[in-house]
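Overview (structure and organization)
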Amino acid sequence: MSEKNVKDLGFQTRAVHTGNGVDGETGAIKRPITMANSYELPYEPSDLNWSSAGKNLYTRNGGSNQQYLQEKVASLEGGEDCVALASGVAALSGLFFALLKSGDHVIFSSVTYIAVYRLLNELLNNKFGVETTIVDTSDPENVRKAIRPNTKLIHIETPGNPTLTISDIKAIADIAHESNALLSVDNTFASPYNQRPVELGADFSIESLTKYINGHGDAMGGAIIGKKEYLDIIRAQSQINLGATISPFNAWLIMRGAVTLPLRMKQHNENALKVAKYLKTVKGVSFVAYPGLKDHPNHDIAKKQMTNGFGGVLSFGLKADHDTYNRFVSHLNVITSAVSLGHDESLIVFLGENDERQYLYPEEFHNGFFRFSVGIEDAEDIIADLEQAFKKENLL
């Protein structure tokens, strides 16, 4: 199927077909894994650019499995181009490294993934002289007030990890572009099935491919989606010169997992909403944060920009002490205590009172809480597992 034809098709069809094709050598209708780290050179190699990206010279420059995956992710995100790297953090740090220089200013969300917080609040700031400002981006006016003449980039995360804060992508994109700044959006909690930041005006969408796009908890990768003029810079600087290239095997696994993204996200969306509504009825639960709930403070914005659902992650607290949180987790059977999210199975993690970003969270999060990635099991089984754990700790 030609690339032109694929662009005209629906999301589910593009998830199946984009980047896929018949292997020219064997006739296989699925792309093979090409595990070579080096490729045969042409007859006259002396005029080659050994640092060129996207050519099959050396896998750090790019390989076929990476290219197929990039085609698929760019299509799903509605972007012009994509760079797939070794992890979500590699994608985020690759974006920052390629775009920023000493003296530039970055505004970023007060609720962001821990690696972003450290990269922007500490490493790039202290080591390379990049100025940074943390703001609550759930109010676009906070972003507008933080703009400086040297503001180069605004980075937001929506929904935010781990508090499920929502930021208005279109409004912040307008503010950024009025000030000749760029907007990047970490879209990992939503996935392109639920939200496509580039279509809402963002310059870059960043995905931890490890999470929903892979969906099976068995591979790591990250992606930056945006305009080719910027992606070419990121390839040259952050892929080739920093060496953050995704492995062919991981690219192949994520390519396979992405085929079922729409089907899985429907179930994640449905299950998470059911679980969130259930948790609201439990007397021992102190709060539930999920943008699909009508009482979420940013529900209207989420409903406007998240077109198919609100994702599979929620957070909730207990009216209990530290030890009760740990005992509660020990009672769970269907739900697994583990980090990460977007797996087929439900994962829960207790985030205690000593998180270094705690001071940036809403008050209800300050005594510890659970981040819960709701899986694609039967919702009734997930809820029953929670209920039996609540009963054992007298929280019902």
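A few points on the structure. Quick caveat: nothing in here was measured; it's all calculated off a predicted structure. (Residues numbered from 1 in each chain as written. Predicted model: local features only at pLDDT ≥ 70, side-chain atom pairs only at ≥ 80, totals over all residues. Heavy atoms only, no water.)

**What to know about the pattern of salt bridges**
A complete count under the given rule lists 15 salt bridges for this structure. Notably, a salt bridge pairs Asp 168 with Lys 304, separated by 2.9 Å at the nearest N-O pair. With Asp 168 in the loop between strand E4 (151–157) and helix H7 (169–178) and Lys 304 in helix H12 (residues 299–305), this pair connects stretches of sequence that are 136 residues apart. The exposure class assigned to Asp 168 is buried, which follows from its relative accessible area of 10%. The structure contains a network of salt bridges with shared partners spanning Asp 81, Lys 228, Asp 232 and Arg 235. (Salt bridge = Lys/Arg side-chain N within 4 Å of Asp/Glu carboxyl O. Helix = DSSP H or I, 4+ residues; strand = E, 2+ residues; numbered from the N terminus. Buried < 20%, exposed > 50% of the residue type's maximum accessible area, 1.4 Å probe, protein only.)

**As for the nonpolar core**
Formed by 36 residues in total, the largest nonpolar core has its most connected members in Leu 69, Val 73, Leu 209, Ile 254 and Leu 261. For this core, the elements supplying multiple residues, two or more each, are helix H2 (11–17), helix H3 (64–77), strand E1 (81–85), strand E7 (222–226), helix H10 (248–258), helix H11 (261–279), strand E8 (285–289) and strand E11 (347–351). With residues near it in sequence (within four places) discarded, Leu 69 still touches Ala 84, Leu 209, Ile 246, Ala 251, Ile 254 and Met 255. Judged by nonpolar contacts, the second largest core, of 35 residues, contains Ala 190, Val 275, Ala 276 and Val 282. (Core = buried A, V, L, I, M, F, W, Y, C linked by side-chain atoms within 4.5 Å. Contact = heavy atoms within 4.5 Å.)

**Some remarks on the sheet that holds strand E12 (residues 369–373)**
As summarised here, the arrangement of the five strands in space is E8-E9-E12-E11-E10, forming an open sheet in which the pairing is mixed. The outermost strands of the open sheet, each flanked by one partner alone, are E8 and strand E10 (336–337). Relative to E12, E11 runs antiparallel, the two being bridged by five bridges. Of the residues in E12, the one forming a bridge with Leu 347 is Ser 373. Strand contacts of H11: E8, strand E9 (313–318) and E12, with the helix running at about 15° to E9, the strand carrying the most contacts. (Pairing = 2+ DSSP bridges. Axes fitted to C-alpha atoms, helices over the stretch in contact; angles between N-to-C directions.)

**A look at the packing of H11 against helix H14 (residues 379–392)**
Running from N to C, H11 and H14 point in directions that differ by 30°, and their axes come no closer than 9 Å. Comparing the axis directions of H11 and H14 gives the class roughly parallel. Our pair here, H11 against H14, has a crossing hand that is right-handed. Of H14, the residues touching H11 (which contributes Asn 271, Lys 274, Val 275, Tyr 278 and Leu 279) are Ala 379, Glu 380, Ile 382, Ile 383, Leu 386, Glu 387 and Phe 390. The residue inventory of the contact of H11 with H14, partitioned by class, reads eight nonpolar, one polar and three charged. (Parallel < 35°, antiparallel > 145°, perpendicular 65-115°, else oblique. Left-handed = near helix turned anticlockwise from the far one by under 90°. Nonpolar A, V, L, I, M, F, W, Y, C, P; charged D, E, K, R; others polar.)

**Thoughts on a nonpolar patch on the surface**
Residues Ile 33, Met 35 and Phe 249 make up a contiguous nonpolar surface patch of about 280 Å² in total accessible area. Following the sequence through the fold, Phe 249 ends up in helix H10. (Patch = residues over 30% accessible without salt bridge, like charges linked within 9 Å, V, L, I, M, F, W, Y side chains within 5 Å. Areas by Shrake-Rupley, 256 points an atom, 1.4 Å probe, with all protein chains shown as cover.)

**Topic: helix H9 (residues 228–240)**
A bend of about 30° at Ile 234 is the largest found in H9. Considering only its buried residues, H9 is in contact with H3, E1, helix H4 (88–99), strand E6 (204–208) and E7. (Bend = angle between axes of the 7 residues up to and from the residue.)

**A look at the pairing of strand E2 (residues 105–109)**
It is a general feature of regular strands that their side chains alternate between the two faces of the sheet. With respect to burial, E2 is a largely interior element, five of its five residues being buried. Where E2 and strand E3 (residues 131–135) come together, five bridges link them in parallel fashion. Opposite Ile 107, over in E3, you have Thr 133 as the bridge partner. Taken together, E2, helix H5 (residues 114–128) and E3 form a β-α-β motif whose crossover is right-handed. Summarising the sheet, E2 and E4 pair through four bridges and their orientation is parallel. Looking at the pairing, His 105 lines up with Thr 151 of E4. (Right-handed = clockwise from strand over helix to strand, strands pointing away.)

**Considerations on the sheet that holds E6**
Taken in spatial order, the seven strands line up as E1-E7-E6-E5-E4-E2-E3 in an open sheet, and their pairing is mixed. Looking at which strands have only one partner, the edges of the open sheet turn out to be E1 and E3. Averaged over neighbouring strand pairs, the angle between their axes works out to 20° when direction is ignored. With respect to the sheet, H3 is in contact with E1, E6 and E7, its orientation differing from that of E1 by roughly 130°. On top of the sheet, H9 reaches E1, strand E5 (182–186), E6 and E7; it is set at about 20° to E1, its chief contact.

**Quick notes on the packing of aromatic side chains**
Evaluation of the coordinates by the stated rule reveals 16 aromatic pairs. Ring centres 6.4 Å apart and planes at 45° place the aromatic pair Tyr 278 and Phe 390 in the tilted group. Here Phe 390 lies in helix H14 and Tyr 278 lies in helix H11, a separation of 112 residues in the sequence. In terms of burial, Tyr 278 and Phe 390 fall into one category: buried. Where Phe 365 meets Phe 369, the ring centres are 4.8 Å apart and the plane angle is 85°; that geometry is what we call edge-to-face. Of the two residues, Phe 365 and Phe 369, neither departs from the other in class, the shared state being buried. Ring pairing ties together the aromatic residues Tyr 278, Phe 316, Tyr 325, Phe 328, Phe 350, Phe 370, Phe 372 and Phe 390, which thus form one cluster. (Phe/Tyr/Trp six-rings, centres within 6.5 Å; stacked < 30°, edge-to-face > 60°.)

Remember that the coordinates give geometry; whether it matters functionally is a separate question.
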